[in-house]
Amino acid sequence: MSVPFILFFICAAVAVLGAVLLIVAREPVHSALAVILVMMALAVLYLLLGAEFIAAVQVIVYAGAVMVLFVFVIMLLNAGVEVRTNYSKIAKYVGVPLGFFLLLEVAHWMWRSAIGTTVANGVGAVNSNAVDTAELSKLLFRDYLFPFEVTSILVLIAIVGALVLAKRDE
Amino acid sequence: MNVVPISYYLVLSAVLFGLGVVGFVFKRNIITIYMAIEVMLNAVNLAFVAFARAHNQLDGLVFVFFVIVVAAAEAAVGLAIVITIAHNRRTLNVEDVNLLKF
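Keep in mind the model is a prediction, meaning the values are calculated, not measured.

Engineer: Pulling in residues and values, what's your account of the overall build of chain B?
Structural biologist: Along the backbone of chain B there are 3 helices and 0 strands. Across chain B, helices and strands are ordered from the amino to the carboxyl terminus as α-α-α. In terms of overall dimensions, chain B is more spread out than a globule: its C-alpha atoms have a radius of gyration of 17 Å, far above the 13 Å expected for 102 residues. Its C-alpha atoms put chain B at 55 × 25 × 25 Å along the principal axes. The 102 residues of chain B split such that 54% are buried. Considering only contacts within chain B whose residues lie at least 6 apart along the sequence, 50% involve residues at least 24 apart.

Engineer: Outline the interface of chain A and chain B, listing residues and values.
Structural biologist: On the side of chain B, 62 residues touch chain A, which itself brings 69 residues to the contact. Take the side of chain A that touches chain B: its biggest share by element is 12 residues, from helix 3 (residues 52–77) of chain A. Looking at the side of chain A that touches chain B residue by residue, the classes come out as 54 nonpolar, 12 polar and 3 charged.

Engineer: Talk me through the packing of helix 2 (residues 28–48) of chain A against helix 2 (residues 30–55) of chain B; I want residue IDs and the actual numbers.
Structural biologist: Taken N-terminus to C-terminus, the directions of helix 2 of chain A and helix 2 of chain B make an angle of 5°; their axes are 10 Å apart at the nearest point. Between helix 2 of chain A and helix 2 of chain B, the crossing angle belongs to the class labelled roughly parallel. Touching Pro-28, Ser-31, Ala-32, Val-35, Val-38, Met-39, Leu-42, Leu-45 and Tyr-46 of chain A of helix 2 of chain A are Ile-31, Thr-32, Met-35, Glu-38, Val-39, Asn-42, Leu-46 and Val-49 of chain B, all from helix 2 of chain B. The residue inventory of the contact of helix 2 of chain A with helix 2 of chain B, partitioned by class, reads 13 nonpolar, 3 polar and 1 charged.

Engineer: Provide a residue-level description of the packing of helix 1 (residues 3–24) of chain A against helix 1 (residues 6–26) of chain B, including the pertinent values.
Structural biologist: At their nearest, the axes of helix 1 of chain A and helix 1 of chain B sit 9 Å apart, and the two run at 10° to each other. Taken together, the axis directions place helix 1 of chain A and helix 1 of chain B in an arrangement best described as roughly parallel. Facing Phe-8, Ala-12, Ala-15, Val-16, Ala-19, Val-20, Leu-22 and Ile-23 of chain A of helix 1 of chain A, the residues of helix 1 of chain B in contact are Tyr-8, Leu-12, Val-15, Leu-16, Leu-19, Gly-20, Val-22, Gly-23 and Phe-26 of chain B.

Reading the values: rules and limits
- Residues numbered from 1 in each chain as written.
- Chains lettered and ligands numbered in written order.
- Predicted model: local features only at pLDDT ≥ 70, side-chain atom pairs only at ≥ 80, totals over all residues.
- Helix = DSSP H or I, 4+ residues; strand = E, 2+ residues; numbered from the N terminus.
- Rg over C-alpha atoms; globule rule 2.2 N^0.38 Å.
- Buried ≥ 20, exposed ≤ 12 C-beta atoms within 10 Å, placed from the backbone.
- Contact = placed C-beta atoms within 7 Å.
- Nonpolar A, V, L, I, M, F, W, Y, C, P; charged D, E, K, R; others polar.
- Axes fitted to C-alpha atoms, helices over the stretch in contact; angles between N-to-C directions.
- Parallel < 35°, antiparallel > 145°, perpendicular 65-115°, else oblique.

Structure below.
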């Protein structure tokens, strides 16, 4: 067991734990903290994969901005304990096993497929390139310039839309 | 062999996506359902980064960037909708917002 392996398994366990906590927690604030746990674990995994820029964006935009927005809305609406409703018997006794079966099957075929033999060149690899972010910016601002500009319009529309929706008409 | 195979990352991505779907289906609070969607988007991002690294193509990382931007815009608009619903219906439980339900 080398260091990347141990780090991967720790982060994977934390991420899965956070996702499970999101489901079992009854307070929305606890769910939000669990999601932040998932995002931080994934940021470490991105670092492990050698994607430093994506890891930084993950922490700043996702764990920072988006989750702060969520927590603000939870506080604003004073969201309390979630009401448990009685699920149907079919959902409990058929849906849950079928969901687990689907999960196992997806994992199994990903494991079996040819891509499983490929090795991810991250930290600890021989050709771990340190100019990752510079290459990424070249790609983003040259080859993907038009989608990048379209995204700015999308964000502008989102801002205007959020303002119009949240405005309380008296 | 000193590095983690890509299949490990993909299996983790599949597990996280499945847990996100379970949360999306089982949770009853609108805000928590949005969080489950965010977990699903994060799982997809992990698959993108793993594939980009395995094929030594940086295009996957650009897609992750776009996914993050769209997710942030989606969260802003979605939470505005949540606030509007909470003001109009006085509830956050999705089972009480069933005007369009057949």
